[in-house]
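Residues per chain, in single letters:
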Amino acid sequence: MKKSNKEAFPKTHSGIEGLDEITGGGLPKGRPTLICGSAGCGKTLMGVQFLVKGITDYNEPGVFISFEETIKDLTVNVQSLGFDLDQLIKDKKLRIDNIHIEKSEIEETGEYDLEALFIRLGYAIDQIGAKRIVLDTIESLFGGMDNATVLRSELKRLFQWLKDRNVTAIITGERGENTLTRQGLEEYVSDCVILLDFRVIDQIATRRLRIVKYRGSTHGTNEYPFLIDETGISVLPITSLKLEHRTSSEILSYGHSGLDKLFKGNGFFRGNSTLVTGSAGTSKTILASLFAMSSCQRKENVLFFSFEESPDQLIRNMDSVGLHFKPFIKTGRLQIHSSRPSLSGLEMHLLVIHKLIAQYKPKTVIIDPISSLVTVGNSSEVRAMLVRLMDLLKVNQINAFFTALTHPNTIEHFDFTVDAVSSLADTWIRLNNDSTDGQRRRSFTIVKSRGMGHSNEMNEFTISEKGIKLKKQG
């Protein structure tokens, strides 16, 4: 059945990371796809990437027809993304044509048609044997028309003409006030409609994508965040994965023999997620750094996400307790990424983490502290983001270490960040910072550790230039 379905409805790879997963294999081959959205949401860039990746990855020449930007402007605008359109044109793999239309010159008559455009498109396609084409943007063709009947008729002719030429087409359109496009008609004659949105909530901007419809194919129906960076556009499916990930019985060290002995297996299972909670000054970052050092010493790549300290500050502070990051940073074994949580929304943070994991392929990921994310989302949003993050890490059997800040006068059950993460994490270690007889006493308790016996005692520890030293309380 699956084979016959693919034969009946072939698809073309979009060249956009994540989009093929959402659409079940790509855009409809030999059919038009409408990409609509407001200004600045990435419509033109998505069309350019569709063509460039089609040429470089799938050897499918393409044509870009611009009704607004000149060839020079378009070429310059995408250079920062590594797209060398000039070279592709020289190689006769890409053809760009700018068609300038003055709205005042459009006379609305019963004889209005697109025959001249068809001739021009046909010539461009035949010149390089194009398999892909982008028309950007369609409003320019019909901006001066008010006759909906003529407009719809010509749109149908345009889309049917593209189908007859057997080219996979992307047509971009500006979003209307109460419709997907200004005319409100294009979506009814497209085989696939993708809506892009650029929204700002609480001063945090996020780009999102939604597949409005896809004739003849199942597809993701949720909103998906997408990122535009130096490599182009990438999309991250945000629906949680099924709980089908494999588990490992391999035991790894936390980086401290005393801590390892508090677990029956003398460590933790590979792919385990560990949560460390505590108030300010309880040594959460030190434990996270100890975990990072242990992984580096096993010659495993480590990604350390710090939401409160810069890389230099973190390196300096850990030097004072005998944890030296510099040698591992120089070899590339350890990468520290620091940013304020308010830099972007929750889904964008998840997307950045996803991209870095795909590029760097770490065995260990540390997020310190994950509680900082509460500043850019509510409790349900934070929990949903953490579920997807943990799914990603577990599927790839990546060791995860999260820290979370708690407040001394707050019951942890009512701290929604801790409450959300603690139920998801495999191991939970709670740090305490008490004062007795005028002296600070640091201690920790292992609250839980799935699949492994562990100490139930409160364990006192001290910190010096030589690191952490454990001492059982009497």
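Because the structure is a prediction, the values reported are computed rather than measured.

Engineer: Please set out unusual backbone geometry residue by residue, giving values where relevant.
Structural biologist: Note on backbone geometry: most residues besides glycine have negative phi, and most peptide bonds are trans. Cis geometry marks the peptide bond from aspartate 136 to threonine 137, where omega comes out at -5°. When you line up the elements, threonine 137 lands in the loop between strand 6 (132-136) and helix 7 (139-142). Here lysine 92, not a glycine, exhibits a phi torsion of approximately 60°, which is positive. Looking at where lysine 92 falls in the secondary structure, it is placed in the loop between helix 5 (85-90) and strand 5 (94-98). Of note in this structure, glutamine 397 is not a glycine but carries a positive phi near 50°.

Engineer: Give a detailed account of the state of the cysteines, specifying residues and quantitative values.
Structural biologist: Joining two cysteines, a disulfide is a covalent bond between their sulfur atoms. Scanning all chains against the criterion turns up zero disulfides. The thiol of cysteine 41 is unpaired, and the distance to the nearest cysteine sulfur, on cysteine 36, comes to 8.3 Å. For cysteine 41, a relative accessible area of 0% corresponds to the buried category.

Engineer: Explain the packing of aromatic side chains to me, and be specific about the residues and the numbers.
Structural biologist: The description of an aromatic ring pair rests on the distance of the ring centres and on the angle between the ring planes. Summed over all chains, the structure comprises eight aromatic pairs. Between phenylalanine 291 and phenylalanine 401 the ring centres are 4.8 Å apart and the planes differ by 35°, which places this aromatic pair in the tilted class. Taken together, the positions of phenylalanine 291 in helix 10 (residues 284-297) and phenylalanine 401 in strand 18 (residues 399-405) put the pair 110 residues apart, joining distant regions of the chain. Both residues of the pair, phenylalanine 291 and phenylalanine 401, belong to the buried class.

Engineer: Can you tell me about the environment of histidine 337, naming the residues and giving the values?
Structural biologist: With respect to the helices and strands, histidine 337 occurs in strand 16 (residues 334-338). We classify histidine 337 as partly exposed; its relative accessible area is 26%. Residues histidine 337 and serine 310, 27 residues apart in the sequence, show an inter-C-alpha distance of 8.1 Å. With near-sequence residues (within four places) excluded, histidine 337 lies in contact with Leu303, Phe304, Phe305, Ser306 and Leu356. Within polar-contact distance, the side chain of histidine 337 engages the side chain of glutamine 335 at 3.2 Å.

Definitions and cut-offs
Residues numbered from 1 in each chain as written. Predicted model: local features only at pLDDT ≥ 70, side-chain atom pairs only at ≥ 80, totals over all residues. Heavy atoms only, no water. Helix = DSSP H or I, 4+ residues; strand = E, 2+ residues; numbered from the N terminus. Disulfide = S-S within 2.5 Å. Buried < 20%, exposed > 50% of the residue type's maximum accessible area, 1.4 Å probe, protein only. Phe/Tyr/Trp six-rings, centres within 6.5 Å; stacked < 30°, edge-to-face > 60°. Contact = heavy atoms within 4.5 Å. Polar contact = N/O pair within 3.5 Å; in protein donor to acceptor, adjacent residues only side chain to side chain.

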